[in-house]
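# Observations on the three-dimensional arrangement
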Amino acid sequence: MSEKTKQWRGKTGGTQGMQRTLIRWFRHIDTRWIIGLTAPWVFFSILFMPTACRAAWRYQRQRLHKKGLSACFGVWRQFFAMSHVVLDRFAAFAGQPFTIRRDDPTDLMNRLQHQPDGFVILSSHVGNQELAGYFTASLKPMQVLIYLGDTETMNHERALLFEKNNLHFLPIRTDGSHIFDMHQALQRGEVLSIHGDRVFADSRTLQAPLLGADATFPEGPFRVAAVERLPVLTMFMLRTAHNTYELRIRGLSRPDDSALSNRALAEQLLERYAAEIENALRDYPEQWFNFYDVWQ
């Protein structure tokens, strides 16, 4: 898994010309008019992206316990759901309206936004996490740890929408210096948003149960959250219908965490994070878009 993951570059498919064309189209038409055109992309992905396809197949067979044609249809549904997510990103760039229903039972996000200390958001490749940044305004400056190797078009459009909501790029750097920027942002009382489920080659890892088996996660995000001793929450943007999403927010920190060592706290946060991913996947199993076999 690690060698395949190392090759991931976080780059959106298609040329910049194709991406700009989609944005122009969606200024005038609804995504439903061209969703049928994504069928070739779905079949292309299944046929010519073997790593992603194998990971999706194993997810369907081993984690969701589907068999035969049911598993095949499940793989197709995963990739088709991913095509909706990608189109929704371009629709957001074009200014199309979305309905976002916030599911935050304790009003955690709002309470943390009004406190002086910073906090950490651990996101994942479940649902359409990027869209959360386009439609969720932050009272505090929010630093989003991101790989800037995508196309110029994608990075430009993201930056425009992020800026409107007080979100800012915190680029991942090869020398690891972004770790100091993360620490400084939290010390300033800002918000740090970071993915907690992408493992790169040679990175240190932790394991936690997910859908009935131990899965591998990067240690870094959970170690940072544990060392800083600040509140930690998860945020999932789950697609429920056309241009409609549920923003699910859950807290991971607990009052009795103060007695734990940094290592123990990181492991506790990971277990709670994995449990929240599992809860989301029970409701929306086709929205697992981490196309690597994290259970290997």
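Residues numbered from 1 in each chain as written. Predicted model: local features only at pLDDT ≥ 70, side-chain atom pairs only at ≥ 80, totals over all residues. Heavy atoms only, no water.

### Things to note about the overall build of the protein
Our working definition: Helix numbers and strand numbers start at the N terminus; a helix is a DSSP run of H or I with at least 4 residues, a strand a run of E with at least 2. With the radius of gyration taken over C-alpha atoms, the globule rule is written as 2.2 Å times the number of residues to the power 0.38. Per-residue accessibility, obtained with a 1.4 Å probe over protein chains only, is compared with the maximum for each type, and a residue is labelled buried under 20%, exposed over 50%, and partly exposed between these values. By the convention used here, residues are in contact when the closest approach between their heavy atoms is within 4.5 Å.
In terms of helices and strands, the protein carries 11 helices and 9 strands. For 296 residues, the compact-globule formula gives about 19 Å, and the C-alpha radius of gyration of the protein, at 19 Å, lands near that figure. Taking the principal axes of its C-alpha atoms as reference, the protein extends roughly 55 × 40 × 40 Å. When each of the 296 residues of the protein is scored for burial, the buried share is 52%. Relative to all contacts within the protein whose residues are 6 or more apart in sequence, the contacts with residues 24 or more apart total 76%.

### Regarding the packing of helix α3 (residues 39-48) against helix α5 (residues 68-93)
Note the threshold: An axis is simply a line fitted to the C-alpha atoms; with a helix, the fit covers only the stretch in contact. Between two such axes, the angle follows the N-to-C directions and lies from 0 to 180 degrees. Orientation labels follow simple angle bins: below 35 degrees gives roughly parallel, above 145 gives roughly antiparallel, 65 to 115 gives roughly perpendicular, and whatever is left gives oblique. By convention the crossing between two helices is left-handed if the near helix lies anticlockwise of the far one by an angle smaller than a right angle, and right-handed if it lies clockwise. In this count, Pro and Cys sit with the nonpolar residues alongside Ala, Val, Leu, Ile, Met, Phe, Trp and Tyr, while Asp, Glu, Lys and Arg are called charged and the others, Gly among them, polar.
For the pair α3 and α5, interaxial distance at closest approach is 9 Å and the crossing angle is 125 degrees. Classified by the angle between their axes, α3 and α5 sit oblique to one another. For α3 against α5, the interelement crossing comes out right-handed. Between α3 and α5, the contacting residues are Trp-41, Val-42, Phe-43, Ser-45 and Ile-46 on the first element and Val-75, Trp-76, Phe-79, Phe-80, Met-82 and Ser-83 on the second. The residue makeup of the contact of α3 with α5, split by class, is 9 nonpolar, 2 polar and no charged.

### Structural notes on helix α8 (residues 152-164)
Our working rule: One less than the number of residues in a helix, times 1.5 Å, gives the span that helix is expected to have.
Given a rise of 1.5 Å per residue, 13 residues ought to cover 18 Å, and the 19 Å separating the end C-alpha atoms of α8 matches this to within 8%. For α8, the complete set of buried residues consists of Thr-153, Met-154, Asn-155, Glu-157, Arg-158, Leu-161 and Phe-162. A positive phi of about 70 degrees marks Asn-166, the residue just after α8.

### Quick look at the pairing of strand β8 (residues 232-241)
For clarity, the cut-off: Here, any two strands with at least 2 DSSP bridges between them count as paired.
Counting buried positions over the 10 residues of β8 gives 8, a clear majority of the element. In terms of strand pairing, strand β2 (residues 119-123) meets β8 through 3 bridges, oriented parallel. Looking across to β8, one finds that Leu-122 is bridged to Thr-234. For β8 and strand β9 (residues 244-251), the ladder comprises 8 bridges, and the chain directions are antiparallel. By the bridge assignment, Ala-241 is partnered in β9 with Thr-244.

### Observations concerning a nonpolar patch on the surface
Stated formally: Think of a patch as exposed residues, more than 30% relative accessible area, with no salt bridge, where like charges cluster within 9 Å and nonpolar side chains (Val, Leu, Ile, Met, Phe, Trp, Tyr) cluster within 5 Å. Here, Shrake-Rupley sampling with a 1.4 Å probe gives the accessible areas, and only protein chains in the shown set may cover a residue. When a carboxyl oxygen of Asp or Glu is within 4 Å of a side-chain nitrogen of Lys or Arg, the pair counts as a salt bridge.
Taken together, the side chains of Phe-43, Phe-44, Leu-47, Phe-48 and Met-49 define a hydrophobic patch exposed on the protein surface, amounting to about 560 Å² of accessible area. Note on placement: Met-49 falls in the loop between α3 and α4 (50-63). The class of Met-49 is partly exposed, set by a relative accessible area of 35%.

### Quick look at the confidence of the model for the protein
Threshold: Predictor confidence is given residue by residue as pLDDT, running from a minimum of 0 to a maximum of 100.
Counting all residues, the mean pLDDT for the protein is 91, and 96% of those residues have values of 70 or more. Taken together, the stretch residues 1-8 has pLDDT below 50 and engages in 17 contacts with residues farther than four places along the chain or on a different chain.

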